Amino acid sequence: MPKYEAVIGLETHIQLNTISKIFCACKADSWEDPPNTNICPVCTGLPGVLPVLNKVVVEKAVLLAAALQAEPQPVSYFDRKNYFYPDLPKGYQISQYDRPLARGGFLDVPMPEGYTRRVNIDKLHIEEDAGKTVNQDGSRLIDFNRCGVPLIEMVTGPDLRSADEAAQYLIRLRQLLRWLDVSEADMEKGHLRADANVSIRLEGEQVLNTKTEIKNVNSIDNVRMAISKEIERQMRAVGAGEPIEAWTLQWDDSSQSLSVMRTKETEADYRYFREPDLLPVHLDEAWRKSILADLPELPLARRERFIAQYELPEYDADILTGERSLSDYFEAAVEAYGGDPKRVSNWLINDVLRMLNERSLAAGDLRLTPEYLAAIVKLVDQGVVNTNTGKSLLDRVQESGRSPAEIIEAEGLAQVGDEDALRAIVAEVLAENPEQVATYQGGKEGLLGWFLGQVMKKSRGKADPQLTRQLLQEMLAKA
Ligand SMILES: [Zn+2]
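Conventions we followed
- Residues numbered from 1 in each chain as written.
- Predicted model: local features only at pLDDT ≥ 70, side-chain atom pairs only at ≥ 80, totals over all residues.
- Heavy atoms only, no water.
- Donors = N, O, S within 2.8 Å, 3.2 Å for Na, K, Ca; no water.
- Tetrahedral: all angles 85-135°; square planar, octahedral: opposite > 155°, others 65-115°.
- Buried < 20%, exposed > 50% of the residue type's maximum accessible area, 1.4 Å probe, protein only.
- Pairing = 2+ DSSP bridges.
- Helix = DSSP H or I, 4+ residues; strand = E, 2+ residues; numbered from the N terminus.
- Polar contact = N/O pair within 3.5 Å; in protein donor to acceptor, adjacent residues only side chain to side chain.
- Core = buried A, V, L, I, M, F, W, Y, C linked by side-chain atoms within 4.5 Å.
- Contact = heavy atoms within 4.5 Å.
- Axes fitted to C-alpha atoms, helices over the stretch in contact; angles between N-to-C directions.
- Parallel < 35°, antiparallel > 145°, perpendicular 65-115°, else oblique.
- Left-handed = near helix turned anticlockwise from the far one by under 90°.
- Nonpolar A, V, L, I, M, F, W, Y, C, P; charged D, E, K, R; others polar.
- Phe/Tyr/Trp six-rings, centres within 6.5 Å; stacked < 30°, edge-to-face > 60°.

*Asks:* Whenever I open this one, the coordination of the zinc ion confuses me. Can you help?
*Replies:* Ideal coordination angles are 109.5 degrees for a metal with four donors arranged tetrahedrally and 90 or 180 degrees for a metal with six donors arranged octahedrally. In this structure, Cys24 (SG), Cys26 (SG), Cys40 (SG) and Cys43 (SG) serve as the protein donors to the zinc ion, at separations of 2.3 Å. With four donor atoms in place around the zinc ion and angles of 102 to 113° between them, the coordination shape is tetrahedral. Positions of the donor residues of the zinc ion, expressed as sequence spacing, correspond to C-x1-C-x13-C-x2-C. Among the residues examined, Cys26 registers a relative accessible area of 9% and is labelled buried.

*Asks:* Before we go on, may I ask you to explain the sheet that holds strand 4 (residues 79-82) in this structure?
*Replies:* Overall, antiparallel pairing links the three strands, which are arranged 5-4-16 in an open sheet. Whereas interior strands pair on both sides, the edge strands pair on one side only; in this sheet they are strand 5 (92-95) and strand 16 (273-274).

*Asks:* Just to check I follow, could you spell out the environment of Gln309 for this structure?
*Replies:* Mapped onto the elements of the fold, Gln309 is located in helix 5 (residues 299-310). Placed 32 residues apart in sequence, Gln309 and Pro341 show a C-alpha to C-alpha distance of 9.6 Å. At a separation of 3.5 Å, a polar atom in the side chain of Gln309 contacts the side chain of Tyr310.

*Asks:* How should the pairing of strand 1 (residues 4-15) be read in this particular structure?
*Replies:* It is a general feature of regular strands that their side chains alternate between the two faces of the sheet. Most of strand 1 sits out of view: eleven of its twelve residues are buried. Where strand 1 meets strand 12 (residues 192-202), eleven bridges bridge the pair, whose relative direction is antiparallel. For Ala6, the partnering residue across the bridge sits in strand 12 and is Ile200. Bridge count for strand 1 against strand 11 (residues 150-156) is five bridges, and the pairing is antiparallel. In the strand pairing of strand 11, Thr12 is matched with Met154.

*Asks:* Could you clarify how one ought to interpret the nonpolar core in this entry?
*Replies:* Within soluble globular proteins, side chains that are nonpolar tend to cluster in buried spots. Among the nonpolar cores identified, the biggest contains 70 residues, and Leu10, Leu64, Met154, Tyr169 and Ile227 are the most heavily contacted of them. Among residues more than four places away in sequence, those in contact with Met154 are Leu10, Glu11, Thr12, Ile14, Leu64, Leu68, Ile121, Lys123, Leu124, Tyr169 and Leu173. One finds Tyr329, Trp347, Leu366 and Leu373 within the second-largest nonpolar core, a separate group that totals 35 residues.

*Asks:* Can you help me understand the packing of helix 14 (residues 448-458) against helix 15 (residues 465-478) in this one?
*Replies:* Each packed pair of helices is defined by two parameters, the angle between the axes and the distance between the axes. Direction vectors running N to C along helix 14 and helix 15 enclose 120°, while the axes themselves pass 10 Å from each other. Between helix 14 and helix 15, the crossing angle belongs to the class labelled oblique. Along this stretch, helix 14 crosses helix 15, giving a crossing that reads as right-handed. Contacts from Leu448, Phe451, Leu452, Val455 and Met456 of helix 14 reach helix 15 at Pro465, Thr468, Arg469, Leu472, Gln473 and Leu476. Grouping the constituent residues of the contact of helix 14 with helix 15 by class yields eight nonpolar, two polar and one charged.

*Asks:* Explain the packing of aromatic side chains here, please?
*Replies:* Here a ring pair, both rings aromatic, is described through the centre-centre distance and the interplanar angle of the planes. Under the criterion given, the structure shown has nine aromatic pairs. Centre to centre, the rings of Tyr270 and Tyr272 are 6.0 Å apart; their planes meet at 75°, and the pair counts as edge-to-face. Looking at Tyr272, the relative accessible area reads 27%, which means it is partly exposed. Each ring, one from Phe306 and one from Tyr310, has its centre 5.4 Å from the other, and the planes form 70°; the classification is edge-to-face.

Structure (structure tokens):
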């Protein structure tokens, strides 16, 4: 049985998170806004209007290009891509064709198996989005809100070899887009859209066989599933001696299946020509430098540094660099804590992340500042509060915005570590439960945990667990 491998390329459209659209002052993000409320004569293509380029679009695109090691071009041009579609009011889309904003570049994608896949970027340019056609009760409705929303179109080389690799590429791209603050990159909201080109070939061959294109997939899990179904289909077809045709396939979310959208793939003639209403984009050295001054340390580099500098396991470093504000938070907390970074990492991964997920917050939005977290960990280290109280302090600080020390003081949460006070509580518990004492002394030492629970209850959770255990063992032996 000959062995086949998949050859996959991804075309992504990235919605930039600018305040206004690419060529007019309309609000760019219309998520949950009523149809046709963020529109004007420019983005609906009325006669006599002129587009004005939003500088921030260029700046965000240059930042992304630089993060991908692509070469931002000193001069690039806008072109008209002509086609007729009801949701394209001008009859053309302003895009870039032969002189795009940046050339070259790649994204390294670490795979869970341990190897890294380098994915080349074939094309990166800026363009405007078209509107949206909605079929409703037998009518075709058009929403122009999305017209003129700034996009980056990015096409990879045929460098991915499995559905999992394609999914990991999107996960890392989404991480990078959010890290750079160029896009919200939410696939469900259409901020990040991906079409996949899929073909198969005998392993070791260099040819590119006929490919199919998968469209309309709106989550990373579905991209993985759609590609893997399409690879299986192509393998079955080739096994049965059937040719692969250049279909365009559409993913259907409800039935989790692919269907043929178009069977004959003819390269459309878009009659590209230079956009006469816009000047070329001149990215001079000063502008370029001022944009690149904002280029932060990138996620993978930071992950490596966390492993080297803080001696974190790869697992921790990966989670903590999943999001930029979380990695900033971690570093600030480590600095404030001054002790073992792994201890801060444990508190963050086990407890703070849960809080962020439950409250849908980013680390930078927390009222539980890195300094407060460090203070809580220190209080637990010093035995001022026990671990359970320490964990409950996280939520209390977050809710009240007060410092951990203030809350401990106000609510009397300091651990009862005073031996005489604890001894009195233990004695009370033993006196109240003569039967359990007898059972324990009869050999059922597993009851110790139960006694510990009773002491905790009586002390309202403040007893020092270690000292309590010690006292219980000692006093039960005597009792
Ligand atoms: Zn507009």
